[in-house]
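# Results of the structural survey
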Amino acid sequence: SYPIIGKIAMGMCCIDLTEHANPHNLYGAVIQIPTRRTTINRRIPKIYQMKGKLVIIDWQNKLWKPFCKNNQIYLKEISTYTAKETLKWRN
């Protein structure tokens, strides 16, 4: 857990990593910033996972389902109904 410096603006933020043992190894690492739902900017994609696997992305007022074809990841737009049915079994 590391402190956020300043305010989150334009979908970006600064995190103070001076206390980390080797911050240079974090380049490209995925981080999670816990927030309340009301403080998340609409431009930031919201992801839904089931058993650690990405199943739906809510981004730009559309719902997307990722799929892999020929070792490439693609996104297919899906309906709200399909998303609800997919997430119905989420733990």
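Below you will find a few notes about this structure. Worth saying up front: this structure is predicted, and the values here are computed from it rather than measured.

### Some points on the environment of D16
Topologically, D16 is positioned in the loop between β2 (12–15) and β3 (46–50). With 11 residues separating them in the primary sequence, D16 and I5 have C-alpha atoms 6.4 Å apart. Within polar-contact distance, the side chain of D16 engages the side chain of T18 at 2.8 Å.

### Thoughts on unusual backbone geometry
We note that Q60 has phi near 55 degrees; this positive angle belongs to a residue other than glycine. Inspection of the secondary structure assignment puts Q60 in the loop between β4 (53–59) and β5 (62–69). Its relative accessible area of 51% is what places Q60 among the exposed residues. Here the phi dihedral of N71 falls at roughly 60 degrees; this positive angle occurs in a residue that is not glycine. One can find N71 in the loop between β5 and β6 (72–78).

### Thoughts on the sheet that holds β4
Note: strands within a sheet are paired through backbone hydrogen bonds, in either parallel or antiparallel orientation. Reading across from one edge, β3-β4-β5-β6 is the order of the four strands in this open sheet, with antiparallel pairing throughout. Single-partner strands in this sheet number two, and they are β3 and β6. On average, each strand axis in the sheet is inclined to that of its neighbour by 30 degrees, with strand direction left out of account. Pairing geometry for β3 and β4, over five bridges, is antiparallel. Note on β4: the bridge partner recorded for Q49 is L54. Strand contacts of helix α1 (residues 80–87): β3, β4, β5 and β6, with the helix running at about 145 degrees to β4, the strand carrying the most contacts.

So, how was this worked out
Residues numbered from 1 in each chain as written. Predicted model: local features only at pLDDT ≥ 70, side-chain atom pairs only at ≥ 80, totals over all residues. Heavy atoms only, no water. Helix = DSSP H or I, 4+ residues; strand = E, 2+ residues; numbered from the N terminus. Polar contact = N/O pair within 3.5 Å; in protein donor to acceptor, adjacent residues only side chain to side chain. Buried < 20%, exposed > 50% of the residue type's maximum accessible area, 1.4 Å probe, protein only. Pairing = 2+ DSSP bridges. Axes fitted to C-alpha atoms, helices over the stretch in contact; angles between N-to-C directions. Contact = heavy atoms within 4.5 Å.

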